[in-house]
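# Geometric and topological summary
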Amino acid sequence: MTLERAGVQTSDRDQLGSAVTRVALVTGGSRGIGRATTIALAAVGHRVAVLYASDDDAATATVDTVSAEGGSATAIRADIADTDAVNDAFASIEEKWGPVEILVNSAGITRDRLLARMTDEQWDAVISTNLTGAFHTTRRAIRPMMKARFGRIVNVSSVGGHLGGSGQANYSAAKAGLLGLSRSVARELASRGITCNVVAPGPIDTDMTADMPAEWRAGAESAVPVGRFGTAEEVAAAITYLCGDDAGYVTGALLPVDGGLGMGH
């Protein structure tokens, strides 16, 4: 996604003003939905820190894409399941740009296996990254947000969080947990000018879904009322709205971006 595709002309960047330009942190920001969100947030003027787990090349490519379009981004390698690593990452961002004002928890992994055969390691790994990681980053972000009386937190869940998924007890449990976490945060911090919302994507064209068997992709596509997979950019657009000043009266919400797959839930 370029600045122009996001509706912001490069020549207009200086006209966005300080009211729009904020410090954002996107976990899992090097690939997929996280990458698209990083690019979209930079396109509307935010300085974006990309937190990533291991793929140095992908993180560098994301930062380079933002820079090429006139935006500002930096990449920090950190395991969000590790409290100390999260604290160090925030300290680095604060030293470079100041406190994080926008937090997007997009990091996620899968360790799919039928429940009867799922190991403790497979359960713990997914819960630690997909749910506990969001707890770590949110807990670290909120004190400066409370002091500033402004903050935007968006957690990326999944349609699987409310529909469930065969072989995905760990993943679905973690994604469902994000909704409870988000609504608790929303209630606790609403009076401080901090919102916390959830975006729940359906089947999205990413590296994760590209690696799935063809028959799975065909079945998933046929189950979606709009008849196709979504794009990472479509999810990023919803996240970007919830991160903006205009979304100050939206908190504790679950916004599906799933082509109608989970309607009614």
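Details of the structure are given in the entry above.
A brief look at the structure comes next. (Residues numbered from 1 in each chain as written. Predicted model: local features only at pLDDT ≥ 70, side-chain atom pairs only at ≥ 80, totals over all residues. Heavy atoms only, no water.)

## A closer look at the packing of aromatic side chains
Basically, it comes down to this: Each pair of aromatic rings taken from Phe, Tyr and Trp, with Trp reduced to its six-membered ring, is defined by centres within 6.5 Å and is described as stacked if the planes are under 30 degrees apart, edge-to-face if over 60, and tilted in the remaining cases. Over a ring means this: the NZ of a Lys or the CZ of an Arg is within 6 Å of the ring centre and within 35 degrees of the ring normal.
Under the counting rule described, the total for this entry stands at zero aromatic pairs. In this arrangement the basic side chain of Arg 22 is found over the ring face of Phe 150, its NZ or CZ atom lying 3.6 Å from the centre. One cation-aromatic arrangement involves Arg 217 over Phe 229; the distance from NZ or CZ to the ring centre is 4.5 Å.

## What to know about the pattern of salt bridges
Side chains that differ in sign of charge can pair as their charged atoms come close. Filter applied, for reference: Salt bridges are counted wherever a side-chain nitrogen of Lys or Arg sits within 4 Å of a carboxyl oxygen of Asp or Glu. A helix here means a DSSP run of H or I that spans at least four residues, while a strand means a run of E at least two residues long, and both kinds are numbered starting from the N terminus. We call a residue buried when its accessible area falls under 20% of the maximum for its residue type, exposed when it is over 50%, and partly exposed in between, using a 1.4 Å probe and counting protein chains only.
Scanning the model with the defined rule gives seven salt bridges in all. Between Glu 94 and Arg 140 there is a salt bridge; the shortest N-O distance is 2.9 Å. Of this pair, Glu 94 sits in helix H3 (residues 83–96) while Arg 140 is found in helix H4 (residues 120–148), placing the two residues 46 residues apart along the sequence. For Glu 94, a relative accessible area of 25% translates into the label partly exposed. Taking the shortest distance from any N to any O, the salt bridge between Glu 234 and Arg 228 comes out at 2.8 Å. Residue class for Glu 234 comes out partly exposed when judged on its relative accessible area of 33%. Overall, Arg 228 belongs to the partly exposed group, its relative accessible area being 39%.

## Some points on unusual backbone geometry
If you check the backbone angles, Arg 149 has positive phi at about 55° while not being a glycine. Note that Arg 149 resides in the loop between H4 and strand S5 (151–156). The class for Arg 149 is partly exposed, based on a relative accessible area of 48%.

## Quick notes on the packing of H3 against H4
Angle between the axes and distance between the axes: these two values describe a pair of packed helices. How we decide: Helix axes are fitted to C-alpha atoms over the stretch in contact, other axes to C-alpha atoms as well, and angles between N-to-C directions run from 0 to 180 degrees. It is the rotation of the near helix from the far one that decides the hand of a crossing: anticlockwise by less than a right angle makes it left-handed, clockwise makes it right-handed. In this description, contact between two residues means that some pair of their heavy atoms is separated by no more than 4.5 Å. Amino acids outside the nonpolar list (Ala, Val, Leu, Ile, Met, Phe, Trp, Tyr, Cys, Pro) and the charged list (Asp, Glu, Lys, Arg) are all regarded as polar, and Gly is one of them.
Close contact between H3 and H4 brings their axes to 9 Å; oriented N to C, the two are set at 35°. H3 and H4 meet at a crossing whose hand is right-handed. Within the contact between the two elements, H3 uses Thr 83, Val 86, Asn 87, Phe 90, Ala 91 and Glu 94 and H4 uses His 136, Thr 137, Arg 139, Arg 140, Ala 141 and Pro 144. Within the contact of H3 with H4, the residues separate by chemical class into five nonpolar, four polar and three charged.

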